[in-house]
Amino acid sequence: MTRQSKDPNGTLMMSRRGILLGGATLFAGSIAASLCPTLSLAAVDAGMQGQFMKLSNLLIQHQLSPAVGARIAEGATAQYKNLPQMLEAIITIAEKNKATQVEDFFADIPEGELKDFALWVIAAWYSGSSSDKRDATVFTYEEALTFKTTSDILTIPSYGISGPNLWTRPNLPLSAPMPTF
Amino acid sequence: MVTKTSADVVIVGTGVVGVVIAEQLLDAGHSVLMIEAGPRVSRAEVVENWRNAPLGVKGDTSVAYPSRPWAPHPMGNEKGDEAYLQLSGPDSYAQTFIRYAGGSTWHWAGTSWRLTPEDMRLKSLYGVGRDWAFDYDTLEPYYVRTENKLGICGPSDPALQWPRVARSAPYPMPHLPFSPGEERFTEIARTLGYNNIPVAQARNSGMPYDGRPACCANNNCVPVCPVAAKYDAETALHRLEKKGATILVDSVVYKVETNAQNKIEAVHFYDQHKETHRIDGKLFVLACNGLENPKLLLMSKDDRNPNGVANSSDQVGRNMMDHPQLTLTVTTKEPFWSGIGPVVNSGIMETSQGSFRSEHAGAYFRYNNFARNRFVTFAALKKGLVGKALDEEIRRMTACTADIVAAHEVLPDPNNRLTLSDKTDWLGLPKPHIHYDVGEYTRKSAEVYSLPIGKRIAEAMGATDVKISPKFNQSKHIMGGTIMGNDASNSVVDADCRAHDHENLFIPGGGAMASTACGNSTITMVALAIKAGDAIVDQMRGA
Ligand SMILES: Cc1cc2nc3c(=O)[nH]c(=O)nc-3n(C[C@H](O)[C@H](O)[C@H](O)COP(=O)(O)OP(=O)(O)OC[C@H]3O[C@@H](n4cnc5c(N)ncnc54)[C@H](O)[C@@H]3O)c2cc1C
Ligand code: SF4
């Protein structure tokens, strides 16, 4: 006869890894990098990894997670053939400007491939994805910087920050200080 | 093919309609077998799927529920012949539902507006549409039972309740508090003379209920509540099994078999290996939702029922309805900060009523309370900003943009019709084809009524920009395809959702609804299911 239902919350509960891989099948393998940061680290050599984080820290003045950076670096390696040269070129521009923040050098990055790449790196950190498309690679959800800009007031959906019926505190004005992240 | 006598009652589908009836029958001492097309998955898997989805598609409510080959359901990325729903007509009946154990309440918002007495008498009062087979007073006790069964919270102050008629019992939980943005929206609506009232919603308010925890503002009710504070039918499956139900999953019913007396004798299903099975029983309930039920009935045509089972009236698959909606996306100077609390928490309902309904549809307005990072981040990034300017722009756009939705009623129109497409799915079963036109009645409402009100609200919010959706979108409230009536020649089911043509077949849920009104209608689908459940218990008793 037929198979009876299996209670997924009972004895057949999937392992966490099984759950994650279950999720991965959704996005045709594109998500693999985000699931296993240690593998990602192995896939991108340490030098490149260091350069990528150096560039990221020049482009974004917030605390950046090395584990997320490793995943974005791997995505960048797959997407940009001349990644080492581009990293080098933009870092050189920043150093020439003695930049301590992105505003000090961004305007000097030439339009075209280099500027587009710099914007891609910023977008990857803020959105946690390689693009706005359905087939995007996901680098992170809850660590995407977009959520940090609103972390003093908004929940990252599915990660509640208040308690039962405790969401009535007054709204923040736009002039409230930007959260530190 | 394997044949086996199964249970007193065979229920096809484990959505909210199916599980509510199953529990009633189990409690009355009957054996129940449930047959479910889709897989049974854990909440953790769905939550993980959603978190792993790219930010740009997080607004797609199906993204956490990839459909199985044997049980396809609409997915956001399908087009043309590939798509599960084959669509035609001036408007697109592009519904979303999922074929998983637990059904589409997995990703519903839980908004639960009752009908009003007038909503059920459109023909007598306004000369349009159809009257229901019974009146509001008949339905009212079933609403109360639905509210208690699902755990629907709502206001105790009659001035804040909908509809504005006396209730026979209070809500089982108090209403949820408004977020600051909703408070502000309510004040603004009041200046225009509109009451934005707390929505009755299937969400635990300030307390646990039915073994589920209190809502704690994860703002993720659509597409899944991570803690099951929102009712979904999956949460009932374990309890049903403890009470003795058998639930078969990955089992797609494709034929309802009749016997010489034109009673239902059995249902046939495919498993996920394309093996066929046959299950007989004494009484059958189809609870596959308002779109899959008519499809299954049409697929089941036989010599005795050449138009399909339950279709001597030729109304099966006709009168397909929903709540066509238009969204006004407003940009404001003042921060409203959508996204604090549950995703829908209030609404303006009085705009759904009035003598104008002889001319055009009414509309209900709601302030969508989804956190907006997922909608605005890429737009902010595309501006090419960096550093502090980028942080500030994302924060501004998250705080100062909002969606106001106008949801309309539609009239039952036999030309809005589901038929069987010549395109087939993985199992070789025909895909549903739906032709749809929201009709002049609804279009006129948008022109002369709902959009003008929506624009006034936007203006009062201080909107500096308003973008209006270019076409009607679906609300995913599937209604009408197995319409109810007292006259067997122009309706499919009677007042208890029993098929006019087959005394042991019940087809409860949205398909039976004779009018849509404007409010989200699952509460009415479930009230009809409980009414049908009572009738089934009586019928099984030989009453
Ligand atoms: C994004 C979204 C938000 C919504 N929000 C709201 C809201 O706020 N308020 C509201 O009132 N409504 C809302 N709805 C609508 C609500 O989800 C549906 O009205 C409700 O789920 C219908 O219940 P049902 O039991 O009739 O059908 P479903 O929940 O669709 O369940 C049908 C079941 O039958 C199974 N099935 C289908 N075909 C077969 C077959 N051939 N063989 C065996 N099994 C089969 C399916 O797999 C499924 O489990 C929303 C819907 C969506 C998609
Ligand atoms: S707000 Fe959060 S806890 Fe409450 S119902 Fe929605 S997802 Fe669940």
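Residues numbered from 1 in each chain as written. Chains lettered and ligands numbered in written order. Predicted model: local features only at pLDDT ≥ 70, side-chain atom pairs only at ≥ 80, totals over all residues. Heavy atoms only, no water.

Residue and element names in this part refer to chain B. Enumeration over the complete set of coordinates arrives at 42 salt bridges over all chains. One salt bridge connects Glu-359 with Lys-444, and the closest N-O pair in it is separated by 3.6 Å. Taken as a pair, Glu-359 in the loop between strand S10 (346-347) and strand S11 (363-367) and Lys-444 in helix H10 (residues 440-460) lie far apart in primary sequence, 85 residues in all. Here the salt bridges share partners, and the residues they tie into one network are Glu-23, Asp-27, Lys-149, Asp-210, Arg-239 and Lys-243. (Salt bridge = Lys/Arg side-chain N within 4 Å of Asp/Glu carboxyl O. Helix = DSSP H or I, 4+ residues; strand = E, 2+ residues; numbered from the N terminus.)

Attention now goes to the packing of aromatic side chains. Counted according to the given criterion, the structure contains 18 aromatic pairs over all chains. Seen from their ring centres, Tyr-141 of chain A and Trp-50 of chain B are 5.4 Å apart, and the 85 degrees between their planes marks the pair as edge-to-face. On the criterion of chain membership, the pair formed by Tyr-141 of chain A in the loop between helix H7 (113-127) and helix H8 (145-148) and Trp-50 of chain B in helix H2 (residues 43-51) is interchain, its members lying in two chains. The class for Tyr-141 of chain A is buried, based on a relative accessible area of 5%. Overall, the relative accessible area of 0% leaves Trp-50 of chain B in the buried class. Each member of the aromatic cluster is reached from another via a ring pair, and the members are Tyr-80, Phe-117, Trp-120 and Phe-139 of chain A. Across from the ring centre of Tyr-141 of chain A, 4.2 Å away, lies the NZ or CZ of Lys-58 of chain B, which sits over that ring. When the ring centre of Trp-426 of chain B is taken as reference, the NZ or CZ atom of Lys-274 of chain B above it lies at 4.5 Å. (Phe/Tyr/Trp six-rings, centres within 6.5 Å; stacked < 30°, edge-to-face > 60°. Buried < 20%, exposed > 50% of the residue type's maximum accessible area, 1.4 Å probe, protein only. Lys NZ or Arg CZ within 6 Å of the ring centre and 35° of its normal.)

Attention now moves to the interface of chain A and chain B. Across the contact, 69 residues belong to chain A and 85 residues belong to chain B. Each partner contributes to the roughly 6000 Å² buried at the junction of chain A and chain B, and carbon and sulfur atoms together form 63% of this total. Counting across the chain A and chain B interface gives 17 residue pairs in polar contact (both at pLDDT 80 or more). For the side of chain A that touches chain B, the secondary-structure elements that each account for two or more residues are helix H1 (16-26), H7 and H8 of chain A. Among the elements that line the side of chain A that touches chain B, the one with the most residues is H1 of chain A, at six residues. In terms of residue class, the side of chain A that touches chain B is built from 37 nonpolar, 22 polar and ten charged. (Contact = heavy atoms within 4.5 Å. Buried area = accessible area lost by both parts, 1.4 Å probe. Polar contact = N/O pair within 3.5 Å; in protein donor to acceptor, adjacent residues only side chain to side chain. Nonpolar A, V, L, I, M, F, W, Y, C, P; charged D, E, K, R; others polar.)

Residues and elements named next belong to chain A. Relative to each other, helix H4 (residues 46-59) and helix H6 (residues 83-96) sit at 40 degrees, their axes nearing to 10 Å. On the basis of the axis angle, H4 is oblique to H6. Relative to H6, the crossing made by H4 is left-handed. Taking contact as the criterion, the partners of Met-48, Gln-51, Phe-52, Lys-54, Leu-55 and Leu-58 in H4 are, on H6, Leu-83, Pro-84, Leu-87, Glu-88, Ile-90, Ile-91, Ala-94 and Glu-95. Its residues placed into classes, the contact of H4 with H6 shows ten nonpolar, one polar and three charged. (Axes fitted to C-alpha atoms, helices over the stretch in contact; angles between N-to-C directions. Parallel < 35°, antiparallel > 145°, perpendicular 65-115°, else oblique. Left-handed = near helix turned anticlockwise from the far one by under 90°.)

Right, let's get into the sheet that holds strand S3 (residues 86-88) of chain B. Residue and element names in this part refer to chain B. Pairing in this open sheet of three strands is mixed, and the strands run S3-S14-S13 from one edge to the other. Both edges of this open sheet fall to S3 and strand S13 (417-424), since each of them pairs with a single strand only. Geometrically, the sheet is characterised by an average inter-axis angle of 30 degrees between neighbouring strands, direction not taken into account. With three bridges joining them, S3 and strand S14 (residues 430-435) adopt parallel strand pairing. Looking at S14, one finds that Gln-86 is bridged to His-433. Lying over the sheet, helix H7 (residues 292-299) contacts S13 and S14, oriented at roughly 65 degrees with respect to S13. (Pairing = 2+ DSSP bridges.)

All names here are of chain B. Taken together, 35 residues surround ligand 1, and among them Glu-36, Tyr-100, Ser-104, Thr-111 and Thr-522 come closest. Contact distances for ligand 1 include 2.9 Å between an oxygen atom and a backbone N or O atom of Tyr-100. Asn-520 is positioned such that a nitrogen or oxygen atom in its side chain is 3.3 Å from an oxygen atom of ligand 1. If one sorts the elements of the shell around ligand 1 by residue count, strand S6 (residues 251-258) sits on top with three residues. Its residues assigned to classes, the shell around ligand 1 comprises 14 nonpolar, 17 polar and four charged. (Near = heavy atom within 4 Å.)

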